[in-house]
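Summary of structural features
Residues per chain are reported as follows:
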Amino acid sequence: KVQESLSLDQRHKFWETQPVGQFKDIGNPALPEGPIEPPTALSEVKQEPYNLPNLYEWVTCDIHDEQMCDEIYTLLANNYVEDDENMFRFNYSKEFLRWALQPPGYFTSWHIGVRVKTSKKMVAFITGVPARIRVRDEVVSMAEINFLCVHKKLRTKRLAPVMIKEVTRRVHLENIWQAAYTAGVILPTPVATCQYWHRSLNPKKLIDVGFSRLGARMTMSRTIKLYKLPESTVTPGFRKMEIHDVPAVTRLIRNYLSHFIVAPDFDENDVEHWLLPRENVVDSYLVESPETHEVTDFCSFYTLPSSILGNANYSNLKAAYSFYNVSTATPLLQLMNDALIVAKQKDFDVFNALDVMQNETFLKELKFGPGDGKLHYYLYNYRVRQALKSSELGLVLL
Ligand code: NHW
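A quick note: this is a predicted structure, and the numbers were derived from the prediction, not measured. (Residues numbered from 1 in each chain as written. Predicted model: local features only at pLDDT ≥ 70, side-chain atom pairs only at ≥ 80, totals over all residues. Heavy atoms only, no water.)

**Some details on the confidence of the model for the protein chain**
- On average, residues of the protein chain score 97 in pLDDT, and 98% of them are at 70 or above.
- Ignoring residues within four places in sequence, the model shows residues 1-5, a span with pLDDT below 50, making 2 contacts including any to other chains. (pLDDT = per-residue confidence, 0-100. Contact = heavy atoms within 4.5 Å.)

Rendered as structure tokens:
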């Protein structure tokens, strides 16, 4: 709480210049919802890249290129997001990065690196991918911005604002004027603030590496028993999603997401890309009614391990992140319990979920515990009049 009020008075030299909701405008009823600035003519978009400090150069990253993919992977594995205590750091896999960066209609020009001119070492990165995102009843073409990273040795030199302006320029060149992104830090101005919840699958390891602690009056063996799950799933007709399920899953998801204020507008191509299972990247299951063969329910999670920093026994934490889930016939609680069971079978250590969509209805009952730290959702050049509740969000970014 203290942190939040501090941040509201802080000056944001860069963000104050950008078309985003400003702190001083919070709650001003005179400001309309929608784009903050109108699009400009494409001919008026700056044609040359922004200037970088002299030692550095821009590079457009072809993620198909194995060596390029290695360089990006290494930059992120060593310099991307850590928890507040610097005990864990996201370790996105190369297959994951290829998936995240190449959805239908992606632009290579939005995958932007910065190299040291002399050594060619990759020292910074930012990406965008195109998405149609609905806000209330408007479907808006946006860029989803992710993987902003500056090498640890180059921090606080105002490189991030240049990276953000450059990706903005390249998004504008494709005639797109809005963006969505999430961050753990407070910037002007969140459209919603969410919390992560964690469900232990391998409590002994989680405690050993300092991810969680033994509860009060708990022993290790009682804790292991508390989190024990059945060997196999319980819902009849629960199975892995296959390519022929794409039309049915698309219908199910579209209908479900229509209930939220901000949500992606998925078509069949998007569903095939984002939700068809990919080994070690994304897992999706559905319930096919044994009687009618109708697809009635769906659940999915993505694989995002974290490096464990400075533990003698373990170096990798295997985490599953809840993605999109829809229940129409199976209670959501039972569906998600089956998701936990398959995640356990696949040897994940922990199952994470945000309190978005209807997730609050199962978190406590399925023994998720609240995490520290928040995740804030932002829109660029799109004002929403009032901050949304996390349960009004139907969007999960990677
Ligand atoms: S959030 C993950 C961000 N990455 C990390 O946390 C990795 C570890 N940290 C770093 O690499 C998911 C650096 O600390 C970074 C900042 C690079 C974060 N978003 O260069 P300076 C995403 O990738 C502002 C936005 O000196 P630095 C989403 C900060 O408030 N802004 O800092 C990305 C300050 O501005 P202010 C952020 O520590 C969304 C300025 O940067 C930010 O060396 C991007 C300081 O720059 C963050 N996470 O580097 C926006 N963190 O005004 C997309 C700091 O306050 C917008 N800052 O003075 C849309 C663009 C497309 C529009 C299309 C129409």
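Text resumes after the structure shown.
**Some thoughts on helix H7 (residues 246-257)**
- Between its first and last C-alpha, H7 extends 16 Å over 12 residues, near the 16 Å set by a 1.5 Å rise per residue.
- Taken as a whole, H7 has its buried residues at Val246, Val249, Thr250, Leu252, Ile253, Tyr256 and Leu257. Each buried residue of H7 sits inside an arc of 165 degrees when the element is viewed along its axis, so together they form one side.
- Buried residues belonging to H7 abut strand S4 (122-135), strand S9 (262-264), helix H8 (268-275), strand S10 (282-288), strand S11 (295-303) and strand S15 (326-327). (Helix = DSSP H or I, 4+ residues; strand = E, 2+ residues; numbered from the N terminus. Expected span 1.5 Å × (residues − 1). Buried < 20%, exposed > 50% of the residue type's maximum accessible area, 1.4 Å probe, protein only. Arc of directions from axis to C-beta.)

**Notes on the pairing of strand S6 (residues 178-183)**
- Extensive coverage of S6 is indicated by the burial of 5 of its 6 residues.
- Crossover strand S5 (residues 138-150) to S6 through helix H4 (residues 159-172) is right-handed.
- Summarising the sheet, S6 and strand S17 (residues 369-380) pair through 5 bridges and their orientation is antiparallel. Looking at the pairing, Ala180 lines up with Leu379 of S17. (Right-handed = clockwise from strand over helix to strand, strands pointing away. Pairing = 2+ DSSP bridges.)

**Observations concerning helix H2 (residues 66-79)**
- Relative to the 20 Å expected for 14 residues at 1.5 Å per residue, H2 spans 20 Å between its end C-alpha atoms, a close match to the ideal helical length.
- Those residues of H2 that fall on the buried side of the exposure criterion are Met68, Cys69, Ile72, Leu75, Leu76, Ala77 and Asn79.
- The elements touched by buried residues of H2 are strand S1 (56-60), strand S2 (88-90), helix H3 (94-101), strand S3 (111-116), S4 and S5.
- Two or three places before Gln67, at the opening of H2, Asp65 has a side-chain oxygen 2.9 Å from that residue's backbone nitrogen. (Polar contact = N/O pair within 3.5 Å; in protein donor to acceptor, adjacent residues only side chain to side chain.)

**With respect to the nonpolar core**
- Counting 78 residues, the largest nonpolar core has Leu275, Tyr302, Phe323 and Tyr324 as its most contacted members.
- Each of domain 1 (13-181) and domain 2 (193-392) accounts for three or more of the residues forming this core.
- Listed in part, the 32 residues of the second largest apolar core include Val20, Ile145, Leu154 and Ile164. (Core = buried A, V, L, I, M, F, W, Y, C linked by side-chain atoms within 4.5 Å. Domains from an automatic or database assignment.)

**Observations regarding the site of the ligand**
- Around the ligand, the surrounding shell holds 32 residues, and the nearest of these are His12, Trp15, Leu148, Thr156 and Ala160.
- Contact distances for the ligand include 2.8 Å between a nitrogen atom and a backbone N or O atom of Leu148.
- Contacts to the ligand include Thr156, whose backbone N or O atom sits 2.6 Å from an oxygen atom.
- Isolated, the ligand exposes 1,200 Å² of accessible area, and the fraction of that covered by the protein chains is 88%.
- Listed by contribution, the elements that provide at least two residues to the shell around the ligand are S5, H4 and S6.
- For the shell around the ligand, a count of residues per class yields 20 nonpolar, 8 polar and 4 charged. (Near = heavy atom within 4 Å. Areas by Shrake-Rupley, 256 points an atom, 1.4 Å probe, with all protein chains shown as cover. Nonpolar A, V, L, I, M, F, W, Y, C, P; charged D, E, K, R; others polar.)

**What about the pattern of salt bridges?**
- Under the defined criterion, the tally for this structure stands at 22 salt bridges.
- A salt bridge links Lys94 to Asp70; the nearest nitrogen and oxygen atoms lie 2.4 Å apart. You can see Lys94 sitting in helix H3 and its partner Asp70 sitting in helix H2, a full 24 residues away along the chain.
- A salt bridge links Arg132 to Asp270, with the shortest nitrogen-to-oxygen separation between them at 3.0 Å. With Arg132 in strand S4 and Asp270 in helix H8, this residue pair connects regions lying 138 residues apart in the sequence. (Salt bridge = Lys/Arg side-chain N within 4 Å of Asp/Glu carboxyl O.)

**With respect to the pairing of S17**
- As paired strands, strand S7 (residues 192-200) and S17 are joined by 6 bridges and run antiparallel to one another. Bridge pairing in S17 links Ala192 to Tyr377.

**Re the packing of H2 against H3**
- The contact between H2 and H3 brings their axes to 10 Å, and the two run at 105 degrees. Relative to H3, the element H2 is oriented roughly perpendicular. Residues Glu66, Cys69, Asp70, Ile72, Tyr73 and Leu76 of H2 form the contact with H3, whose own contacting residues are Lys94, Leu97 and Arg98.
- Considering only residue class, the contact of H2 with H3 consists of 5 nonpolar, no polar and 4 charged. (Axes fitted to C-alpha atoms, helices over the stretch in contact; angles between N-to-C directions. Parallel < 35°, antiparallel > 145°, perpendicular 65-115°, else oblique.)

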